[in-house]
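# Chain and residue survey
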Amino acid sequence: GAGVSQTPSNKVTEKGKYVELRCDPISGHTALYWYRQSLGQGPEFLIYFQGTGAADDSGLPNDRFFAVRPEGSVSTLKIQRTERGDSAVYLCASSLTLNNEQFFGPGTRLTVL
Amino acid sequence: GESVGLHLPTLSVQEGDNSIINCAYSNSASDYFIWYKQESGKGPQFIIDIRSNMDKRQGQRVTVLLNKTVKHLSLQIAATQPGDSAVYFCAEAPMNTGFQKLVFGTGTRLLVSP
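In this text the structure is predicted, and so the values were computed from the model without any measurement.

We now examine the sheet that holds strand β7 (residues 72–77) of chain B. Two strands in a sheet stick together by hydrogen bonds in their backbones, pointing the same way (parallel) or opposite ways (antiparallel). Residues and elements named next belong to chain B. In space, the four strands of this open sheet follow the order β2-β7-β6-β5, with antiparallel pairing throughout. The open sheet is flanked by β2 (19–24) and β5 (56–58), the only strands paired with a single partner. Mean inter-strand twist for the sheet, computed between neighbouring axes without regard to direction, equals 15°.

Pasting the structure below:
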C-alpha cells in the first residue's frame with residue numbers, strides 16, 4: 001500500500017509568513033510523529049500523536065510551532081511568523097501503534113528567505 | 001529527506017567489501033536502538049533494531065552489535081553494494097520515555113564504488 005506522504009515537497013516562504021505542512025500517514029496507523037532535520041544532522045523529534053491527541057509535544061522549539069490531527073489521520077504542522085532558522089526538512093512518520101516501527105515520509109523542505 | 005550532509009563522516013568502500021559503521025550514544029538509560037538508512041531526497045528507512053538485553057542481532061546482510069559498557073553501537077553490512085550508498089543514522093530511545101521519542105545521531109555517509 002501507499003507509504004507516508006507529505007505535501008508540499010518543497011516550500012519557500014518569506015520571513016514572518018505562516019506555513020502549513022501536511023502529512024498523510026499510512027492508512028490504519030494510529031501513531032504519527034513529526035521530526036525536523038537540519039542540513040548534515042539527524043532528525044530531531046518535535047511531537048507525536050496517538051489518535052487525535054498530542055501525546056508529547058516536548059520537542060516543539062517554541063510557541064510558533066503547533067500541530068494538529070483532528071480526525072486521527074492527517075496531520076498538519078503549523079509554523080507562525082517563520083524565521084530563517086526554521087529552514088529545514090520536516091519529516092513525518094507513522095506507526096501502527098505506539099512502540100512499533102516508524103515509517104517515514106519523504107519530508108517537506110522548508111526554506112525561509 | 002536530507003540530500004547532502006557537507007560535514008558528515010564518510011566511509012568509502014569497494015563493492016563487495018564489508019562495511020562497518022559506528023555510533024556512540026550518550027544516554028545510559030537508552031533501551032532500544034535502531035539503524036536507519038537515508039537516501040538522497042527520501043526519509044529514513046528502518047534497517048534493523050536491537051534491545052538493550054541483546055548484544056548482537058542479525059538481519060539480511062546486516063548485523064548490529066551493541067556494547068553497553070562503552071555505549072557503542074555498530075552496523076555491519078556484508079558484501080556492500082552500490083545500492084547501499086546512503087547516509088546511515090543510529091537512533092536511541094530510553095524506555096522511560098517510550099520508544100516514540102527517538103534520538104538520532106549525526107549520521108555517516110557510506111559511499112560504495114563499483
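If you look at the interface, chain B gives 22 residues, while chain A gives 24 residues. Across the chain B/chain A interface, buried area totals approximately 1800 Å², and carbon plus sulfur atoms make up 53% of it. Taken together, chain B and chain A are joined by one salt bridge. The residue Asp56(A) makes a salt bridge to Lys101(B) at a minimum N-O spacing of 3.4 Å. The tally of links from chain B across to chain A stands at three residue pairs in polar contact (both at pLDDT 80 or more). Among the residues forming the side of chain B that touches chain A, the class breakdown is nine nonpolar, 10 polar and three charged.

All names here are of chain A. Pairing in this open sheet of four strands is antiparallel, and the strands run β1-β3-β8-β7 from one edge to the other. Taken across any chain shown, the strands that pair with only one partner, and hence form the sheet edges, are β1 (5–7) and β7 (65–68). Taking the axes of each pair of neighbouring strands and ignoring which way they run, one obtains an average angle of 15° across the sheet. Relative to strand β3 (residues 19–24), β1 runs antiparallel, the two sharing three bridges. Residue pairing in the sheet places Thr-7 in a bridge with Arg-22 of β3.

How each quantity is defined
- Residues numbered from 1 in each chain as written.
- Chains lettered and ligands numbered in written order.
- Predicted model: local features only at pLDDT ≥ 70, side-chain atom pairs only at ≥ 80, totals over all residues.
- Heavy atoms only, no water.
- Pairing = 2+ DSSP bridges.
- Helix = DSSP H or I, 4+ residues; strand = E, 2+ residues; numbered from the N terminus.
- Axes fitted to C-alpha atoms, helices over the stretch in contact; angles between N-to-C directions.
- Contact = heavy atoms within 4.5 Å.
- Buried area = accessible area lost by both parts, 1.4 Å probe.
- Salt bridge = Lys/Arg side-chain N within 4 Å of Asp/Glu carboxyl O.
- Polar contact = N/O pair within 3.5 Å; in protein donor to acceptor, adjacent residues only side chain to side chain.
- Nonpolar A, V, L, I, M, F, W, Y, C, P; charged D, E, K, R; others polar.

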